[in-house]
Amino acid sequence: MELESTPKTFDEIEDEVMPDADASDGEPQPDPEPEQEQENEESGAEQEENQESDPPSVKSPSPPPQQVLWVDSLASNAACRPIPRAGLSLDETTARWRVTFDQAVGRTSDKFLDSAEQSPDPASSAFIDRTRVYGENVLPAKKATPLWKLVWVAFQDKVIILLAVAAVVSLALGLYETFGVKREPGSPPAVDWIEGVAIIIAILIVTLVGSLNDWQKDRAFLKLNEKKEDREIKVIRSGKSQIINVRNILVGDVLHLEPGDLVPVDGILIEGHDLKFDESSATGESDAIKKTPGDQVMASLELGNSTAKGLDPFIISGAKVIEGVGTFLCTSVGVHSSFGKIMMSVQTDVESTPLQKKLERLAIAIAQIGGSAAVLLFFVLLFRFLAGLSGDTRSAPEKASSFLDILIVAVTIIVVAVPEGLPLAVTLALAFATQRLLKENNLVRVLRACETMGNATTICSDKTGTLTTNRMTVVAGTFGQSSFAKPEQGDTKSETVSQWAAELPQETKDALVESVAINSTAFEGEDAGQFMFIGSKTETALLQWAKDHLGMQSLPETRANVQTVHTIPFDSGKKCMGAVIKVDSQYRLLVKGASEILLGYCSHKADVTTLESSPLTSGERSELVSTIDQYARDSLRTIGIVYRDYPEWPPAHAEMDEGCLQPGVPEAVRLAQHAGVVVRMVTGDNAVTAQAIATECGIYTDGLIMEGPAFRVLSDEEMNERIPRLQVLARSSPEDKRILVAKLKALGETVAVTGDGTNDAPALKTADVGFSMGVCGTEVAKEASEIVLMDDNFASILTALKWGRAVNDAVQKFLQFQVTVNITAVLVAFISAVANPDMKSVLTAVQLLWVNLIMDTFAALALATDPPTDKILNRLPQPKSAPLITVNMWKMIIGQAIYQLVVTFVLYFAGARILGYDPNNATQQKELDTMVFNTFVWMQIFNEFNNRRLDNKFNIFEGVQRNKFFIGITVLMVGLQILIIFVGGDAFEIKPINGDQWAICVVSAIVCLPWGVLIRLFPDEWEHIQEE
């Protein structure tokens, strides 16, 4: 649409389109001259190819000692000179000059006469000297804690130290009894030392396996952090814009700046329009800082202007571009940049998530209860031991060994009672989930987001890029009385775009090309060898349209052939951007933006054939409004192109399409709603377009549609009444979005939000989980978010929802298993030790350590790695106030604990009578003790299957074939238990058992599976019984 704007005063134009314009923008620019870069063999100055002259050096604050910053290109003794804008040469390898530091910073014009020019080495790698001198744009990664250190830290645990000391003393006493005490001829050899050795070995295995898990977890998170810092940056090299990895930025590169960018390196501003930065991350100051090009600052300094001291040309890494566009020269990278130094000083470990902290508190509570039981057992047995000393005829070493047995059992109970596997389980679940999410296009930047997303109750989603593809093409257009449309649009009156373009005169085509090419920040590039435009999807669609149908040739050539006087960056509040170009003797203001907003500023229309303007009648205005509405109903984004010619600039006395839906979005929205998650659309488009897209997605049914201006004036009571029914918020500002998120949270919702723009950052930060767009999102949005959608697809949010629930489920599964084992192991050890005449537990210290290994490490690996199924969405999200252990879980814990205690105590106390064993037969008694231990372990193995489900459904084997960890660990535990029974006799104080005894053990244990079915049939709450 080519329209001419309503006459306005220049002050009004400046206020509306160019806020806070810098007066210096109108200053005459100095003539460009060739510049020189330098390299110092000793200190770091490097001379670049194809450059002459000898500017003086100007240093930025606190440069690295080995660097000469590139501000020396800004001025000479005679005149201010601009920095080269072509960027580094792609042909650069080695340096062509070698100069000393004094020469590099000197102000004499003959400072290079002492050094001869050297030919670059074509066999060398690209930028080899530049990289050697200035370094790479990478920070040394925080090294993973070595395995040996993790093992050492694990050994620092006070309980482990106490148990190890007791084991060493036990070993010493055992060795003394074996080698220091004379025995009767023919008596069996003393093997008391074996228990001490077995406990030490068990301690080593437990700590080593736990440390190995921690080591693997740390490595997984380090890889995740490397991916998190990875991004693409726009630079200029050899005069052409291209995208490179942020790690490949070098000193001397010329980088683009656009709203929403996170500055990756330090530098000097070359040129820019209305550039403002948020430098709070580096300086702590929240005010927007305006930047002035370096050559203008130098010119002001040389002229002695009093305002020069307030001008700032320095670009600080870590700063965020608030508004404006421009380019800057990189002067410091990596550890030498200001942000790099800050990051090196604040490298920290991964912070614990809320769930981890909650589990740590629960683990402490469980450990305190178990520790109290162990202390009580110790004193009960100690009093019995002391009471029996008067009639005890054993030798002193035997009495000491008996006391140590009491101490070891008590300490071992503490080891078993401390559920160190709880934090490990959630860590493993998070590590596993984040790695799998990354493969499914979700980059988790903040760990807590993974677990929080599982209980999200509402999603406030952007339209563009999330629900729609964000791959745009121009499909329809109206220019005065002419128009075009795609054949499938069904408009038989309109021509196709090819037919329409063929009838346009060249002057009109040139005007349209200028409007599209100049008023744009996109540029040409390549992807996999294919030509493409890179930048905003709206701009690239318009450029492709101009190239395909309007005869636009090379984009850089088109821009170079036009004299651009002023650039007005896009402003999300005004929904438009602009540029001023010189056309013959006049100046043309080109504005591009939201069509319905720009139409309101227009009073004239341009004839598409002659470009002559005529007044815009009310009937024509209504027709254009109707056309805009029709495009919106067809789910198209409408873009307006308007212009006005001025005799001079600034005027002295003048009166001054959307893409298709993302694949799978409607189905993903339906599944999210089925899972109890309310999906709301929050968009800047008008209500008609928003309703069309929301209806197609399945978001809008019979709820409420509001526009931002009406929403933001509601009172708190009105908001609380309308927000639950709100399904679409159109024409919303970033502040509207933030207010909506805050109100939803105040209403008790767990809110997930998607955003791609810089102004979305407040809403992303306010939300419980913020999703940014990996493809079209700005760096500021990514920094504010917890999860990055690598494919910008709503369906990926559903993937995060499933894995979030899987993490919470994994932790609850393991918690259910752990608490069951804790209760049974502690009670079995306590009661059997008190009841036994010799004060010995039926489960020895080594056996308890094996059980501890099963429940703290193996079970954590097995239960924390269950991948989610689609059925995980068949339930409502858990509220924030939901307890860690639900009623259903307590039912399974208590039910299984009762069964395991009954089976264990029946075998221990009545097993001899039931099986016909002689209580005085030591061999049969040892076999019975072996059966108790074997049955107890097998009950834990089978109970792991029970704990794969948290609901009351019976199929506990569902999806087990998808979890290779569970299968592998179960096979490992079964194999090790069989091996222990057959060859672990002396260490575990057991003996091999026959087939009948094996059958009793396994059958008694496997009954816990049908017992689990009976437990699930039991009502979850007593109210159910009363209702019946």
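Residues numbered from 1 in each chain as written. Predicted model: local features only at pLDDT ≥ 70, side-chain atom pairs only at ≥ 80, totals over all residues. Heavy atoms only, no water.

Caption draft 1: The arrangement of the overall build of the chain in detail. Along its length, the chain carries 35 helices and 28 strands. Here the chain holds 1028 residues, and 53% of them are scored as buried. Carbon and sulfur atoms form 57% of the exposed surface of the chain, whose accessible area is close to 44700 Å². (Helix = DSSP H or I, 4+ residues; strand = E, 2+ residues; numbered from the N terminus. Buried < 20%, exposed > 50% of the residue type's maximum accessible area, 1.4 Å probe, protein only. Areas by Shrake-Rupley, 256 points an atom, 1.4 Å probe, with all protein chains shown as cover.)

Caption draft 2: Representation of the nonpolar core. Residues Ile413, Met453, Phe771, Phe794, Leu801, Trp850 and Phe933 are the most contacted members of the largest nonpolar core, which totals 136 residues. For this core, the leading source of residues is helix 27 (residues 794-835), giving 21 residues. With sequence-adjacent residues up to four places away left out, Trp850 is seen in contact with Phe858, Phe933, Val937, Met973, Leu976, Gln977, Ile980 and Phe988. The next biggest cluster of nonpolar side chains, apart from the first, holds 22 residues, and it includes Val682, Met719, Ile723 and Leu764. (Core = buried A, V, L, I, M, F, W, Y, C linked by side-chain atoms within 4.5 Å. Contact = heavy atoms within 4.5 Å.)

Caption draft 3: The packing of aromatic side chains, seen in detail. This structure, assessed with the given rule, holds 20 aromatic pairs. Ring plane angle 75° and centroid distance 5.5 Å describe the contact between Phe378 and Phe379, whose orientation is recorded as edge-to-face. What makes Phe378 buried here is its relative accessible area of 17%. We classify Phe379 as partly exposed; its relative accessible area is 39%. Between the aromatic rings of Trp850 and Phe858, the centroid separation amounts to 6.3 Å while the plane-to-plane angle is 75°, which identifies the pairing as edge-to-face. In this structure Trp850 comes out as buried when scored by relative accessible area, which is 7%. (Phe/Tyr/Trp six-rings, centres within 6.5 Å; stacked < 30°, edge-to-face > 60°.)

Caption draft 4: Here's a closer look at the sheet that holds strand 27 (residues 769-773). One open sheet accounts for 8 strands, arranged 11-28-27-26-12-23-25-24; its pairing is mixed. Every other strand in the sheet has two partners, leaving strand 11 (442-444) and strand 24 (704-707) as the edge strands with one partner each. Put simply, the sheet's adjacent strands are angled 20° from each other on average, direction ignored. Relative to strand 26 (residues 751-755), strand 12 (residues 458-461) runs parallel, the two sharing 3 bridges. When the sheet's bridge partners are listed, Ile459 is paired in strand 26 with Ala752. Across the sheet, helix 24 (residues 734-746) lies against strand 12, strand 23 (678-682), strand 25 (726-730) and strand 26, angled at about 165° from strand 26, the strand it touches most. (Pairing = 2+ DSSP bridges. Axes fitted to C-alpha atoms, helices over the stretch in contact; angles between N-to-C directions.)

Caption draft 5: Expanded view of the packing of helix 15 (residues 506-518) against helix 16 (residues 537-549). With their axes 9 Å apart at the nearest point, helix 15 and helix 16 run at an angle of 155° to one another. For the element pair helix 15 / helix 16, the angle class is roughly antiparallel. The element helix 15 and its partner helix 16 pack so that their crossing is left-handed. Facing helix 15, whose interface residues are Lys509, Leu512, Val513, Val516 and Ala517, helix 16 presents Leu542, Leu543, Trp545, Ala546 and His549. Of the residues in the contact of helix 15 with helix 16, the class split is 8 nonpolar, 1 polar and 1 charged. (Parallel < 35°, antiparallel > 145°, perpendicular 65-115°, else oblique. Left-handed = near helix turned anticlockwise from the far one by under 90°. Nonpolar A, V, L, I, M, F, W, Y, C, P; charged D, E, K, R; others polar.)

Caption draft 6: Representation of the packing of helix 30 (residues 922-946) against helix 34 (residues 1008-1017) in the model. For the pair helix 30 and helix 34, the least separation of the axes is 9 Å and the interaxial angle reads 40°. The angle between helix 30 and helix 34 places the two elements in the oblique class. Here the hand of the crossing between helix 30 and helix 34 comes out right-handed. Across the interface between the two elements, Met939, Phe942, Asn943, Phe945 and Asn946 from helix 30 touch Cys1008, Leu1009, Gly1012 and Arg1016 from helix 34. Its residues assigned to classes, the contact of helix 30 with helix 34 shows 5 nonpolar, 3 polar and 1 charged.

Caption draft 7: The confidence of the model for the chain, seen in detail. In the predicted model, the chain carries a mean pLDDT of 76, and the fraction of residues at 70 or more is 77%. Looking over the chain, one finds the lowest element-wise mean pLDDT in strand 1 (residues 2-5), namely 35, and the highest in helix 33 (residues 995-1006), namely 94. For residues 654-659, every residue scores under 50 in pLDDT, and the model assigns this stretch 40 contacts once sequence neighbours within four places are set aside. This stretch, residues 1023-1028, has a pLDDT under 50; its non-local contacts, to residues over four places away or in other chains, come to 2 contacts. (pLDDT = per-residue confidence, 0-100.)

Caption draft 8: Seen up close, the environment of Ile967. The topology assignment puts Ile967 in helix 31 (residues 964-983). On the accessibility criterion, Ile967 (36% relative accessible area) is partly exposed. Remark: the alpha-carbon pair of Ile967 and Ala862, spanning 105 residues in sequence, is separated by 7.8 Å. Setting aside anything within four residues of it in sequence, one finds Ile967 in contact with Val960 and Gln961.

Caption draft 9: Representation of the side chain of Ser317. For Ser317, the location among the structural elements is in the loop between strand 9 (314-315) and strand 10 (320-332). Given a relative accessible area of 0%, Ser317 falls into the buried group. If we ignore the near neighbours within four places in the chain, the residues touching Ser317 are Val263, Pro264, Val265, Asp266, Ser337, Ser338, Phe339 and Gly340.

Caption draft 10: Representation of a nonpolar patch on the surface. A surface patch of nonpolar side chains, amounting to about 620 Å² of accessible area, comprises Phe954, Val1003, Ile1006, Val1007, Trp1011, Leu1014 and Leu1017. The biggest single contributor to the nonpolar patch is helix 34, with 3 residues. With respect to the helices and strands, Val1003 occurs in helix 33. (Patch = residues over 30% accessible without salt bridge, like charges linked within 9 Å, V, L, I, M, F, W, Y side chains within 5 Å. Salt bridge = Lys/Arg side-chain N within 4 Å of Asp/Glu carboxyl O.)

Caption draft 11: How the structure looks around unusual backbone geometry. Of note, the phi angle at Leu611 is positive, near 65°, even though the residue is not glycine. One can find Leu611 in the loop between strand 20 (602-606) and strand 21 (613-615). Exposure remark for Leu611: the relative accessible area of 15% places this residue in the buried category. If you check the backbone angles, Arg731 has positive phi at about 45° while not being a glycine. Residue position: Arg731 is located in the loop between strand 25 and helix 24.

Caption draft 12: Fine view of helix 20 (residues 665-674). Burial in helix 20 covers these residues: Val665, Ala668, Val669 and Ala672. Along the axis of helix 20, the buried positions cluster into a sector of 100°, meaning they face one direction only. Considering only its buried residues, helix 20 is in contact with strand 23, helix 21 (687-697) and helix 27. (Arc of directions from axis to C-beta.)

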